[in-house]
Each structure stands twice: as structure tokens, then as C-alpha cells.
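What follows is each chain in one-letter form.
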Amino acid sequence: MITKDIRYIGVNDHKIDLFEGQYDVPNGMAYNSYVILDEKIAVMDTVDAKFGDEWLSNLSDALQGRAPDYLIIHHMEPDHSANIAIFMEKYPEATIVSSDKAFVMVSQFFGNDYSDRRISVKDGSTLSLGKHNLRFISAPMVHWPEVIVTYDEYDKALFSADAFGKFGALDVDEDWACEARRYYFGIVGKYGPMAQKLLKAASGLDISVICPLHGPMLTENLAYYIDLYNTWTTYGVESEGVLIAYTSVYGNTKRAVELLAEQLKAIGCPKVVVNDLARCDMAEAVEDAFRYGKIIFATTTYNGEVFPFMREFLHELTERNFQNRKVGIIENGSWMPTAAKVIRKMLENSKNLTFTDTTVTIKSAVSNANIEQINALAKEICEG
């Protein structure tokens, strides 16, 4: 029970290994669904197809013999919408409430747009359940074009779709920010301006509880979560520190990274994080790049370019609008180092990047001259 009238009817998934086929989720996932009990009853979203029976059972328990009047669909990704057709068959008097673009997708997924049993809503539309008045807010590209969110004026509850979501099932105790950050930048991060627009719309609401489609309901210290989201959606710096992201073939670039990390710590840099891109979780490396304000790219030249894991990392960042960071580069190449040039080229459309004056160029192994360059780079990146 979230409030007297709002009940949770979602499910936990501990069988999943990769969310969206790419994100490691060792603590599973939650697919959230809710029901508002009033003179009329509204069900908020469905769940993943694998859990349809469990969800319908949870719904039946919450209904206590009543029948739902509305199914409100905030987002059409199948982990939230897969059971629409089953629901509509089980409850033939119910009406679907969603956006015009969502109904196009309903037809694509299920071959039926339910034109005789639907209400299309726009930004500012309202729906009365009795004492609960629901107000709909359009949230396109957070992170699909059809998305809406709902504000329940009576219980001051914001049903936020994928905004404020996180990885992890609800029956696992873990830090919210770590997995919410990885979720946000992995899935929503490209659409920061759209998420910021939603955040500004929500700022004018008196919110007591945030009910996302993944992760826990947020009921206390909402300013903490909203402030973090404001930083993330504006590509701001959350934590002071330096991320060193590197690749190394024979250990020479790794040696340079180790020297740099030691020097950064020696001169008092508050936080130094080192990620070996060939071995770490790429999504966590992306998360770190957006968390900290400074980053060092260290990599070998490879086929006249950069090492494949570094190229993929840079692509992951630029795809998500990487910006507002201070950047340093360490490159290695035995006969024609080109990594620094390639990195700068890949980042040329990223906004508000400040590159250090010092670029470390290693030719095969770390030399005494390289050590001096590394020390200079450490001072410049830490103190600048």
C-alpha cells in the first residue's frame, strides 16, 4: 500500500540477466504497476509478458471483486505494456487512456487500437476518478515519443514513467543513486533536454510520492532525488574527481595510467577512478564519465585509429550528449601515434569540453620524458 487508495501491483524479476539485452542487472528488475481505488478505478500500466499471470493475480487481490474502469498506459515499451491485450480481454468494460502516439504503437504491437474503448489525452488533460483527479503531462522522448506521466492531485502522487527509475528488484536493498545513475545515463541520458523539460513541469507540483515504472517508490527526502535528476538532465558535475578510462595491449599504456593515478592521489585530487575498458562494465564506465567533472582517455593507436573498446566508449558518450567536462589524453603508438587526433575528432561535436594543454604521447614504452608529461598532466587536470 502506497497510500490509502494507491496500491502497488508490480512484480520482481530475478530471472533476467541483461536488461534491454545489454545492461547487467545482478539484482534483477522491478516492473512497476499501480492501481488507484476510487469511485472509478484506474490501473497504471502493465508489466513484462513473463509475469502476466502474477500481475493479474496482484491486480485481482487489490480490486477485491471490483472491476477496473481505466488502464492508463504511460509508456509502450513491452516491459510495461505487454499485457494490454490480456487485460482488455479480461476486463471488457475497461477503457485505455494514453497518448495518440501510444495508440499507434498499441495497434503495432497487438493489431488492435481499441478505438471503441479508448481515451486519448494530451498535455494538461484531466480525468476524474471521484476524489482523485488525474492530470496528464506530456513527456515525449523520456525516452520514447509517446510517453505521458500522471499527477494525482488528491494523493499528490507523480506516476513518472521511466523517469526516476533504476535497475534492481524491489526486494533487494541497495544504494539508489548508483543504479539509478547507471539506468538514467544508459537509457535516458541521450534525452537530457526532454527529461529536464519534464522536471521543470513537475517542479510546479506539490509532490508527496514519486511512483516510477522501475525501482522503489520515493516518499522521503524528495529534494535529494530531484536535485540529482536536475544535475543528470543538465549534464552537470555530480562529484568532484577524475575518471581515467583506458585500454592497453601489452601493459605500457596501463603503466602510464598507474603512474598518473598515483600522482593524482599524491597531489591531493579528491577522487580518482580507473576503468579498464576491456574488462569493466561499459555501462558503469559511462556512468562514471557523466558523474565526474574530469576525464582522461588513455589508449593505444590501433589500425590508425583507437583501440576498439575505447572507440566504443567514446561512441557511448557522444551518443548520450557528453559535455561540460575537462579532458586529458594519453596516447601510445610505436611508429605513428594517432589516438589523440582520433579522440579529439570523435569529441568535436561535444559541447563545453576543455582539453588540457598537456597530451602525453608514448612511443612503445613509458620514458622519463613521459613521466614528466604525466606529472604535468596530473597537475593540470587536478588543479584546473
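Being a predicted model, the structure only gives us computed values, none of them experimental. (Residues numbered from 1 in each chain as written. Predicted model: local features only at pLDDT ≥ 70, side-chain atom pairs only at ≥ 80, totals over all residues. Heavy atoms only, no water.)

Q: Explain empty space enclosed by the protein to me, please; I cannot follow it from the model alone.
A: Here the idea is plain: a probe the size of a water molecule rolls over the atoms and shows the empty space left. Under the criterion given, the structure shown has one cavity of 30 Å³ or more. Around the largest cavity, the lining residues are Leu-158, Ser-160, Ala-163, Phe-164, Ala-195, Leu-198, Leu-199, Ala-202 and Tyr-229. At four residues, helix α6 (residues 192-203) tops the list of elements feeding residues into the lining of the largest cavity. (1 Å grid on protein atoms, 1.4 Å probe; cavity = no way out; pocket = protein on both sides within 12 Å on 5 of 7 lines; lining within 4 Å. Points joined across faces, edges and corners; volume = space filled by probe spheres on them. Helix = DSSP H or I, 4+ residues; strand = E, 2+ residues; numbered from the N terminus.)

Q: Honestly, the packing of aromatic side chains in this entry has me stumped. Any pointers?
A: Each aromatic ring pair is characterised by the separation of its centres together with the angle its planes make. Throughout the structure, instances matching the rule amount to 25 aromatic pairs. Ring geometry for Tyr-235 versus Phe-290: centroids 6.2 Å apart, planes at 45°, classification tilted. Of the two residues, Tyr-235 is situated in the loop between α7 (222-233) and β16 (239-246) and Phe-290 in helix α9 (residues 282-291); the sequence distance between them amounts to 55 residues. The two residues Tyr-235 and Phe-290 agree in class, both being buried. Each residue in the set Phe-164, Trp-176, Tyr-184, Phe-185, Tyr-224, Tyr-225, Tyr-229, Trp-232, Tyr-235, Phe-290 and Phe-322 is aromatic and connected to the rest through ring pairs, giving one cluster. For Arg-118, the ring lying beneath its charged end belongs to Phe-103, and the centroid distance is 4.6 Å. Taking the ring centre of Phe-355 as reference, the NZ or CZ of Arg-344 above it sits at 4.3 Å. (Phe/Tyr/Trp six-rings, centres within 6.5 Å; stacked < 30°, edge-to-face > 60°. Buried < 20%, exposed > 50% of the residue type's maximum accessible area, 1.4 Å probe, protein only. Lys NZ or Arg CZ within 6 Å of the ring centre and 35° of its normal.)

Q: What exactly am I supposed to notice about the layout of surface pockets here?
A: Empty space within the largest pocket amounts to approximately 340 Å³. Forming the boundary of the largest pocket are 16 residues, of which Thr-300, Thr-301, Gly-333, Ser-334 and Trp-335 lie nearest the centre. Contributions of two or more residues to the lining of the largest pocket are made by α8 (252-266) and β18 (292-302). For the lining of the largest pocket, the element with the most residues is β18, which contributes three residues. In terms of residue class, the lining of the largest pocket is built from five nonpolar, eleven polar and no charged. (Nonpolar A, V, L, I, M, F, W, Y, C, P; charged D, E, K, R; others polar.)

Q: How should I be thinking about the state of the cysteines in this particular structure?
A: Counted according to the given criterion, the structure contains zero disulfides. The thiol of Cys-269 is unpaired, and the distance to the nearest cysteine sulfur, on Cys-382, comes to 3.3 Å. Cys-269 gets classed as buried once you look at its relative accessible area, which sits at 10%. (Disulfide = S-S within 2.5 Å.)

Q: Explain the pairing of β18 here, please?
A: When a strand is regular, its side chains alternate between the sheet's two faces. With ten of its eleven residues buried, β18 lies for the most part within the structure. Bridge analysis of β16 against β18 gives six bridges, and the strand direction is parallel. Bridge assignment links Tyr-246 to a residue of β18, and that residue is Ala-298. Sheet topology places β18 next to strand β20 (residues 325-332); seven bridges connect them, and they run parallel. (Pairing = 2+ DSSP bridges.)

Limitation: the analysis is restricted to geometry and does not speak to function.
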